[in-house]
Amino acid sequence: MDLGISGKTALVCASSKGLGRGCAEALAAAGVNLVLNARGADALEATAKDIRDRFGVQVTTVAADVATEEGRAALLDAAGAVDILVNNAGGPPPGVWSDWDRDDFIAALDANMLAPIALMKALLPGMIDRGWGRVVNITSGSVKAPIAQLGLSNAARAGLTGYVAGTSRQVAQHGVTINNMLPGIHATDRAISLDTGVSKAQGIDMATAKAQREATIPARRYGTAEEFGAMCAFLCSQHAGFIVGQNIVLDGGAINATI
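All of these numbers come straight from a predicted model, not from anything done at the bench. All residue numbers refer to position in the chain's written sequence, counted from 1. At least 70 in pLDDT is required for a residue's local features to be given in this predicted model, at least 80 for side-chain atom pairs to be given and counted, and no such filter applies to totals for whole chains, interfaces and linings, which use all residues. The side-chain quantities take in all heavy atoms of the structure and omit both hydrogens and water.

Asks: Quick rundown of the overall build of the protein? Include the residues and the values.
Replies: Numbering of helices and strands starts at the N terminus; helices are DSSP runs of H or I of at least 4 residues and strands are runs of E of at least 2. A count of helical and extended segments in the protein gives 8 helices and 7 strands. What the globule rule says is 2.2 Å times the number of residues to the power 0.38, and the radius of gyration is computed from C-alpha atoms. Compactness check: the protein gives a C-alpha radius of gyration of 18 Å against a globular reference of 18 Å for 259 residues, within 12% of the reference. Relative accessibility thresholds used throughout: buried, under 20% of the residue-type maximum; exposed, over 50%; partly exposed, between the two (1.4 Å probe, protein chains only). Evaluated residue by residue, the protein yields a buried proportion of 46% over its 259 residues. The contact definition used throughout considers only heavy atoms, calling two residues in contact when any of these lie within 4.5 Å. Across the protein, contacts joining residues at least 24 apart in sequence account for 73% of those joining residues at least 6 apart. On the protein, roughly 12000 Å² of surface is accessible, and the fraction owed to carbon and sulfur atoms is 54%. The method behind every accessible area is Shrake-Rupley, applied with a 1.4 Å probe, and residues are considered shielded solely by the protein chains displayed.

Here it is as structure tokens:
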């Protein structure tokens, strides 16, 4: 399927690896030029070179922390006019309710709520002026089904979801769509981190910890960055203009819900 977005420009946050990289690669395969961001310069440059070599698109890199004003300013300055924004950031650390104080919540809000809102506020006006734009926010399945040990993520991402619910319906008339992708467990560094926590807490090896988690997923496996990226690219395509303010779950059926 021709996605109809060849030649457009996408800003993809946290895209040196994992789900962000999966989204960047799928967009590049559709002919989209990229502005890639991550905190680690080495991994970011390696990813950029690989995407340039494989897909022949233009790739600009900005090593910066988008949770900071300085990082966002550097990123926006380098990006210029952007047609597609993919917001993404690693989740805050797991724990229990008694572990977290105000500073922990502020850090989670900065990374997983306020930073994507700031980028949307900066880039939506240009999209509206041009009459076309796509925003995809990578949030979490915990928005629909809270995960006890991920209370910081539950709170911050739910706040972003509420903001998107209203904002998306205000900008849709201008040809701009905003939607959220809610991943379950995918085979990324985040899954390794969570499995490591289970392994240590239960005194089991990593293979057993992973097998336990896979058993809770109807698909009986973790998702892949490639299939996640394919959905992101579709939401950014010319075919997705009537999808507005939606929360699309990609979790192998793990969340047991009718709606």
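Asks: Help me get a handle on helix H3 (residues 69–79), residues and values and all.
Replies: Three or more residues of H3 are buried, namely Gly-71, Arg-72, Leu-75 and Ala-79. Buried positions in H3, seen along its axis, are confined to an arc of 95° and lie on one side of it. Opposite its buried face, H3 presents the exposed residues Glu-69, Glu-70 and Asp-77, each directed more than 90 degrees away. Residues of H3 that are buried sit in contact with strand S1 (9–12), strand S2 (33–38), strand S3 (59–63) and helix H4 (102–130). Positioned one or two residues after H3, Gly-80 has a phi angle of 65°, which is positive. Note that the arc is defined by the directions from the helix axis to the C-beta atoms.

Asks: I'd like a description of the pattern of salt bridges, backed by residues and values.
Replies: Should a side-chain nitrogen of Lys or Arg be within 4 Å of a carboxyl oxygen of Asp or Glu, the pair is scored as a salt bridge. The tally for this structure, following the rule as stated, stands at 10 salt bridges. The salt bridge involving Asp-189 is made with Lys-17; its shortest N-O contact spans 3.2 Å. In this pair, Asp-189 is assigned in helix H6 (residues 189–202) and Lys-17 in the loop between S1 and helix H1 (18–29), connecting sequence segments 172 residues apart. Judged by its relative accessible area of 44%, Asp-189 is partly exposed. Of the charged contacts, one joins Glu-25 and Arg-54 as a salt bridge, the two residues approaching to 3.1 Å between their closest N and O atoms. Residue Glu-25 is located in helix H1, and its partner Arg-54 is located in helix H2 (residues 41–55); the two are separated by 29 residues in the primary sequence. Ionic contacts of the salt-bridge type, sharing partners, join the residues Arg-21, Glu-25, Asp-50 and Arg-54 into one network.

Everything listed here is a matter of geometry and, on its own, says nothing about what the molecule does.
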